[in-house]
Amino acid sequence: MDFPGVRALDGVSFGVRRGSVHALIGENGAGKSTLLKILSGAHRPTAGTVGLHGRPQAWASTAGALAAGVAVIYQELHLVPDMTVAENLLLGRYPRRGPWLDRTALRAEAARLLRLVGEDLSPDTRLGRLPLAQRQMVEIAKALGRGAPVVAFDEPTSSLSAPETLRLFAIIRDLRARGHAILYVSHRMDEILELCDAATVLRDGRHVVTHDTLAGVTRADLVRSMVGRELTNIYHYRPRPGAPGGLEVRGLAGPGLRAPVSFHVDRGEIVGFFGLIGAGRTELMRLVCGVVPPTAGEVRVQGATVRGRSPRAALRAGLVFCPEDRKQEGIIAVRPVGENINLSARRRHVRAGFWLDPAWERDNARTQIARLGVRPADPAALMGLLSGGNQQKAILARWLSDPVRVMVLDEPTRGIDLGAKSEIYALLQELAAAGTSVVVVSSDLPEVLGLADRVIVMCAGAIAAEFTRAAASPEAVLHAALPASASP
Amino acid sequence: MSPPPFPTLSRRARVWDAAGMLLVLAGLFLLCALGVDHFLTATNLRGLALAVSTSGMVACTMMLCLAAGDFDLSVGSVVAFAGVLGATVMNATGSITAGVAAALASGALIGCVNGVFVARFGVNALITTLASMQIVRGLGFIVADGRAVGIRPAGFFALGNTAWLGVPVPVWLTGLCCAGFGALLNRTIFGRQALAIGGNREAAHLAGVPVVRVKIIIFTLQGLVAAGAGLILAARMTSGQPNTSQGFELEVISACVLGGVSLSGGVARLGSVVAGVLILGLVQNAMNLLNLAPFYQYVARGGILLGAVLLDRFRQRS
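Just so you know, these numbers come straight off a predicted model, no measurement behind them.

Draft legend 1. Structural detail: the overall build of chain B. When you go through chain B residue by residue, the secondary structure sums to 13 helices and four strands. Computed over C-alpha atoms, the radius of gyration of chain B comes to 20 Å, within 12% of the 20 Å expected from 2.2 N^0.38 for 318 residues, which places it in the range of a compact globule. Seen through its C-alpha atoms, chain B measures out along the principal axes to roughly 80 × 55 × 35 Å. Counting over 318 residues, chain B shows a buried share of 50%.

Okay, here's the thing in structure tokens:
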């Protein structure tokens, strides 16, 4: 597969056995997505073949790939929010009776697919009402419904919480037992070592190594072949002195919270918010940063109350919110990278309150691109064409163009490769060292534990527990995050 | 670690983006100059410029509106209403200033109401302006009592029928609009905010862009400029006509799309929009000179639009 001037995938060969789970790993830009797109028929290879059951295949479209028996489940959901779960599950192959839609059969088949993934919900629910994690399960059920002998998963756990991840693993193991060949793309090494039977590593579009068995292969081995170097201490954690008076939240109430919430983050402190999906972490942060107006409570930044209830007011107070959904709420895909970076801070750099300052626009974009290592280092490149990790770096550059007092990041490393993750962690530590209060919301437990000075755990719309770095063991934090009925 | 592979637009594609429509315009112009009798005469070129001046003016604000991800279908009705209201007020008061002020204020008010519905109440722009298009058209007929309103203060006709340095005043005003809105789009924080809102409304909101305010201002400007265009048209016709400029909104949107403005927002370039306006005007002018019945012009306009959009799709795919 060639893009203009660049070869995204170069002579890669490997095989996936029936009845096995094969991991495909590599940093962003390593060629995993391109490979999946070829499998799904969205792209055509410029050379080479894909074989199925020993026969070479040549599908030219996504429909062709589906017919041949390859189902790709993407990280981004391909569902219609305004339709019901049942309508989504059977999209494109509705049961019919003569010219009419057979609603009874539709509902029955949908219910069967939902049982397959262990989701207990009505097929008539409108999809848009479901939380992200359940939508992901619907997407998986949809793909499984076609009974494809080859199933590829692209980062399936990135929006799933721990119990759902376990359920997904059970589903994948069941598929394996029934003789499906499974390709599993993920950045999470622990998952791969737990779930997969074999692994292929890609780097810069080239095949690095294929392990036919993962027995004896360690996390460090995989990481080393992915990045071509050893990654030690990716969190770059160093103890820092904190000072009181960073972010103070008192009695904040609003949609998604069961009880008023109070917490504080010192200057120079990193606080991690952990919890299951739906625990209210995102909702809380959206209230703190004025994205959703709170019904009660107070937010103070370095002693001063934030006036007004909008992101704009929060930004004026130096309170910055980096949202979870990069594509929907972060990037402006059709605008250049430089525009994306300058979007927020430029309000401080206008002449006569109106005219852009071309020198500032140019310099800030260049400086931030260099500071965060955004690739390509071209302010004129379209944002939508960058890889996920580079988009996230450019978004961070947007917020860092302003003097930041408090930075709230919701799932800052979701779907980002290890190298970029490590760079972002280093940046957060650097920010904290400079006196910024940092809040990191994450479902990735090792990330929260590795990054934060203090961990706050939320459960069912309220703060459930708080741990110092020393006291935050994975078991204790996870236990606090589980609802009382679910804990042993 | 080597930099990851990255697809960039080819140089040819970038050049096409920046100057493609200008090249098409130049080609068409050359073709007309060589193939159509009487095309390259001062009288005809002045007529051509005058003919596109109205849509050219409104295309500037429509471009802003589309850049921010919205539509405005009410502009044709506003053009007619402003002409009628201006004429009526001038006749009643005998004051040109009062008529002009009333017309401009009413245009701005209509735009502002559109903007409030779209931005504050979150009503779809297509539906909002579809409604206001009909309401305002109706109001025009009501004010005019269904007939053309002849304008009595003859001094007003100067707005449409005098020339400066050999170029008609309306053309100067359109040029001024282009320069002004081009600068607004490219050189001001307001223009960048409009593009950001069109590109991703939610992201712009989180980045502190005052989304509601920017959108209301854009619609207000749109109404104001459409009213100005309506006054100029009334001056040229020496009367306010309630049934003028039907389908004008589609002509203006066509010109913008021809000029590469994305209907989903976030992408707009003034130079190309001007080229789009001129291309449509040029074709119409040439067909007039070739004595083709006006019915064919609708077919030609639609055909050009489809052709241009198709060309753009192919370019993006390659």
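There is more to say, and it comes next.
Draft legend 2. Seen up close, the packing of aromatic side chains. All told, the structure shown has seven aromatic pairs over all chains when counted by the stated rule. Arranged with centres 5.4 Å apart and planes meeting at 85 degrees, the rings of A:Phe354 and A:Trp355 form a pair that is edge-to-face. A relative accessible area of 33% means that A:Phe354 is categorised as partly exposed. Considering the side-chain rings of B:Phe117 and B:Phe121, the 5.5 Å spacing of their centres and the 90 degrees angle between planes classify their relative orientation as edge-to-face.

Draft legend 3. View of the side chain of A:Lys393. All names here are of chain A. By secondary structure assignment, the location of Lys 393 is in helix H14 (residues 388–400). Overall, the relative accessible area of 2% leaves Lys 393 in the buried class. With residues up to four places along the chain from it excluded, the contact list for Lys 393 reads Leu 372, Gly 373, Val 374, Arg 375, Ala 420 and Glu 423.

Draft legend 4. Seen up close, the pairing of strand S22 (residues 437–441) of chain A. All names here are of chain A. Where burial is concerned, most of S22 is hidden: five out of the five residues are buried. The side-chain alternation of S22 yields two buried faces, one formed by Ser 437, Val 439 and Val 441 and the other by Val 438 and Val 440. Sheet topology note: the strand S15 (residues 270–274)/S22 ladder contains four bridges and is parallel. Counted as the bridge partner of Ile 270 is Val 438 from S22. In terms of strand pairing, strand S21 (residues 406–410) meets S22 through five bridges, oriented parallel. Looking at the pairing, Leu 409 lines up with Val 440 of S22. A crossover links S21 with its parallel partner S22, the connecting element being helix H15 (residues 418–433), and its sense is right-handed.

Draft legend 5. Representation of the sheet that holds strand S9 (residues 150–154) of chain A within the structure. Residue and element names in this part refer to chain A. One open sheet holds the six strands; their spatial order is S6-S9-S10-S3-S11-S12, and the pairing between them is mixed. Looking along the sheet, the strands with just one partner apiece sit at the ends: strand S6 (70–73) and strand S12 (206–211). With direction set aside, neighbouring strand axes in the sheet form an average angle of 15 degrees. Judged from the five bridges that link them, strand S11 (residues 198–203) and S12 form a sheet pairing that is antiparallel. Bridging from a neighbouring strand, Leu 202 pairs with His 207 of S12. Along the sheet, helix H6 (residues 162–177) makes contact with strand S3 (20–25), S9 and strand S10 (181–185), crossing S10 at roughly 150 degrees.

Draft legend 6. The arrangement of the packing of helix H3 (residues 75–93) of chain B against helix H4 (residues 96–120) of chain B in detail. Residue and element names in this part refer to chain B. The contact between H3 and H4 brings their axes to 8 Å, and the two run at 150 degrees. Here H4 runs roughly antiparallel to H3, going by the angle between their axes. Once H3 is placed against H4, the crossing between them reads as right-handed. Every residue of H4 that contacts H3 at Val 78, Phe 81, Ala 82, Leu 85, Gly 86, Val 89, Met 90 and Thr 93 is listed here: Ile 96, Ala 98, Gly 99, Val 100, Ala 102, Ala 103, Ser 106, Gly 107 and Ile 110. Its residues placed into classes, the contact of H3 with H4 shows 12 nonpolar, five polar and no charged.

Draft legend 7. Quick peek at the packing of H4(B) against helix H5 (residues 125–144) of chain B. Residue and element names in this part refer to chain B. One way to put it is that H4 packs onto H5 with a least axis distance of 9 Å and a crossing angle of 150 degrees. In this view, H4 runs roughly antiparallel relative to H5, as classed from their interaxial angle. As for the relative orientation of H4 and H5, their crossing is right-handed in sense. Mapping the contact onto sequence places Ile 110, Asn 114, Phe 117 and Val 118 in H4 and Ala 125, Thr 128, Thr 129, Ser 132 and Val 136 in H5. Class assignment for the residues of the contact of H4 with H5 results in five nonpolar, four polar and no charged.

Draft legend 8. How the structure looks around the nonpolar core. All names here are of chain A. If you look at the biggest cluster of nonpolar residues, it comprises 181 residues, and the most contacted ones within it are Leu 89, Phe 153, Tyr 184, Met 407, Val 455 and Val 477. Those residues within four positions of Phe 153 in sequence are excluded, and the remaining contacts are Ile 73, Ile 140, Leu 168, Ile 172, Leu 175, Ile 182, Leu 183, Tyr 184 and Val 185. Formed by 30 residues, the second largest nonpolar core is a distinct cluster that contains Val 249, Val 265, Ala 317 and Val 439.

Draft legend 9. Inspection of the pairing of S6(A) at higher detail. Residues and elements named next belong to chain A. Judged by which residues are buried, S6 turns out to be covered on both faces: Val 70 and Val 72 on one side and Ala 71 and Ile 73 on the other are all buried. In the sheet, S6 pairs with S9 via four bridges, with the strands oriented parallel. Considered in S9, the bridge of Ala 71 is made with Val 151.

Draft legend 10. Local environment of unusual backbone geometry. At the junction of A:Arg375 and A:Pro376, the peptide bond is cis and its omega measures out at 0 degrees in the coordinates. With respect to the helices, strands and loops of the structure, A:Pro376 is situated in the loop between helix H13 (358–372) and H14. In this structure, A:Glu155 is a non-glycine residue whose phi angle is positive, near 45 degrees. Among the structural elements, A:Glu155 can be located in the loop between S9 and H6. Even without being glycine, B:His38 reaches a positive phi, approximately 65 degrees. Among the secondary structure elements, B:His38 is positioned in the loop between helix H1 (11–35) and helix H2 (42–67). By relative accessible area, B:His38 is classed as exposed at 61%.

Draft legend 11. Structural detail: the pattern of salt bridges. Per the stated rule, a full pass over the model turns up 31 salt bridges over all chains. In this structure, A:Arg167 engages A:Glu119 in a salt bridge whose closest nitrogen and oxygen atoms are separated by 3.2 Å. Here the residue A:Arg167 occupies a position in helix H6, and A:Glu119 occupies one in the loop between helix H4 (103–116) and helix H5 (132–144), the gap between them amounting to 48 residues. Among the residues examined, A:Arg167 registers a relative accessible area of 27% and is labelled partly exposed. Residues A:Glu339 and B:Arg192 are paired through a salt bridge, measuring 2.8 Å at the closest nitrogen-oxygen approach. Taken together, the residues span two chains, with A:Glu339 in helix H12 (residues 337–342) and B:Arg192 in helix H8 (residues 189–199). A single salt-bridge network, built from bridges that share partners, covers A:Arg335, A:Glu339, A:Arg346, A:Glu361 and B:Arg192.

What counts, and at which threshold
- Position numbers for residues count from 1 along each chain, tracking the sequence in the order it is written.
- Chain A is the first chain written and ligand 1 is the first ligand written, with later ones labelled in order.
- Note on the predicted model: pLDDT of at least 70 is required for a residue's local features to be given, and 80 or more for side-chain atom pairs to be given and counted; whole-chain, interface and lining totals, by contrast, use all residues.
- To get the side-chain values, take all heavy atoms of the structure and skip hydrogens and water.
- Runs of H or I in DSSP of at least four residues are treated as helices and runs of E of at least two as strands, each being numbered from the N terminus.
- Within these notes, the globule rule equals 2.2 Å times the number of residues to the 0.38 power, and the radius of gyration is based on C-alpha atoms.
- For every residue, the accessible area (1.4 Å probe, protein chains only) is compared with the maximum for its type, and the residue is labelled buried under 20%, exposed over 50%, or partly exposed between those bounds.
- When two rings of Phe, Tyr or Trp (its six-membered ring) have centres within 6.5 Å they constitute a pair, described as stacked for plane angles under 30 degrees, edge-to-face for angles over 60, and tilted for the intermediate range.
- Should any heavy atoms of two residues lie within 4.5 Å, those residues are considered in contact.
- We call two strands paired when DSSP finds no fewer than two bridges between them.
- Handedness of a crossover is defined as follows: with both strands directed away from the viewer, a clockwise route from the first strand across the helix to the second makes it right-handed.
- A fitted line through C-alpha atoms serves as each axis, taken over the contacting stretch for helices, and the angle formed by two N-to-C directions is quoted from 0 to 180°.
- The cut-offs work like this: below 35 degrees is roughly parallel, past 145 is roughly antiparallel, 65 to 115 is roughly perpendicular, and the gaps in between are oblique.
- By definition, turning the near helix anticlockwise from the far helix through less than a right angle yields a left-handed crossing, and turning it clockwise yields a right-handed one.
- Gly is placed with the polar residues, together with every amino acid not listed as nonpolar (Ala, Val, Leu, Ile, Met, Phe, Trp, Tyr, Cys and Pro) or charged (Asp, Glu, Lys and Arg).
- Only buried residues count toward a nonpolar core, which is a set of Ala, Val, Leu, Ile, Met, Phe, Trp, Tyr and Cys residues joined through side-chain atoms within 4.5 Å.
- Salt bridges, as used here, are contacts in which a Lys or Arg side-chain nitrogen is within 4 Å of a carboxyl oxygen on Asp or Glu.

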